[in-house]
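Structural characterization, general
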Amino acid sequence: RIVALFDPNTGAIDSKVAEAWRSFDIAHLVREQPERAALLRERAHIFAAADDQFGLAMGAALLFEALREGEHQLDPAQFAVVPGTDHASIEVSQPVRRIPIVMEQWLRDADGR
């Protein structure tokens, strides 16, 4: 049976439902397992649309906050909420279009070419 995370009228969060989803919360995982945070900071490229229709920018911001814990810096070329984009237009934004180029360079460097 589907259970709502929050009451749409009051905004009250159902703590039992929230706790059931905790194991899927990547920000929680990186706080609990710092080695995963280090791996993400080193290898991931995560971009969210500032005007995302599904609220994904908020989740990305919370993840970025978790990754910054312990005074770590995040490279804005790897982690950003991209202004002026929505859920569809993020795909053609400059940061996202750079990802294949960065990946190819990383593979070349790893291969010694």
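Let us look at the structure shown here. (Residues numbered from 1 in each chain as written. Predicted model: local features only at pLDDT ≥ 70, side-chain atom pairs only at ≥ 80, totals over all residues. Heavy atoms only, no water.)

1. What to know about the layout of surface pockets
For clarity, the cut-off: For each structure, a 1 Å grid was placed over the protein atoms alone; sets of points admitting a 1.4 Å probe that cannot get out are labelled cavities, open sets with protein on both sides within 12 Å along at least five of seven lines are labelled pockets, and lining residues have an atom within 4 Å of a point. Grid points are joined across faces, edges and corners, and a volume is the space filled by probe spheres set on the points. Helix and strand labels come from DSSP, where a helix needs a run of H or I of at least four residues and a strand needs a run of E of at least two; each type is numbered from the N terminus. Here the nonpolar group is Ala, Val, Leu, Ile, Met, Phe, Trp, Tyr, Cys and Pro; Asp, Glu, Lys and Arg are the charged ones; every other residue, Gly included, is treated as polar.
Put simply, the largest pocket is a space of about 530 Å³. Around the largest pocket sit 18 residues that line it, and Leu5, Trp21, Asp25, Gly59 and Leu62 are the ones nearest its centre. For the lining of the largest pocket, the secondary-structure elements that each account for two or more residues are helix H1 (15-21), helix H2 (26-32) and helix H4 (56-68). Tallied by class, the residues present in the lining of the largest pocket amount to twelve nonpolar, three polar and three charged. Reported here for the second largest pocket is a volume of approximately 160 Å³. Lining the second largest pocket we find Phe47, Ala48, Ala49, Asp52, Gly55, Leu56, Gly59, Ala60, His87 and Ile90.

2. Quick notes on unusual backbone geometry
For clarity, the cut-off: Only protein chains enter the area calculation, which uses a 1.4 Å probe; residues under 20% of their type maximum are buried, those over 50% are exposed, and those in between are partly exposed.
Positive phi is not limited to glycine here, since Glu71 has a value of about 65°. Among the secondary structure elements, Glu71 is positioned in the loop between H4 and strand S2 (79-82). Residue Glu71 is classed as exposed on the basis of its relative accessible area, which comes to 76%.

3. Observations regarding the pairing of S2
Successive residues of a regular strand alternate their side chains across the two faces of the sheet. The following threshold applies: Here a strand pair is declared whenever DSSP counts at least two bridges between the two strands. A crossover gets the label right-handed when its path from the first strand over the helix to the second runs clockwise, viewed with the strands pointing away from the viewer.
Bridging between strand S1 (residues 46-49) and S2 involves four bridges; their strand directions are parallel. If you follow Phe47 over to S2, its bridge partner there is Ala80. The parallel pair S1 and S2 is bridged by H4, and the resulting crossover is right-handed.

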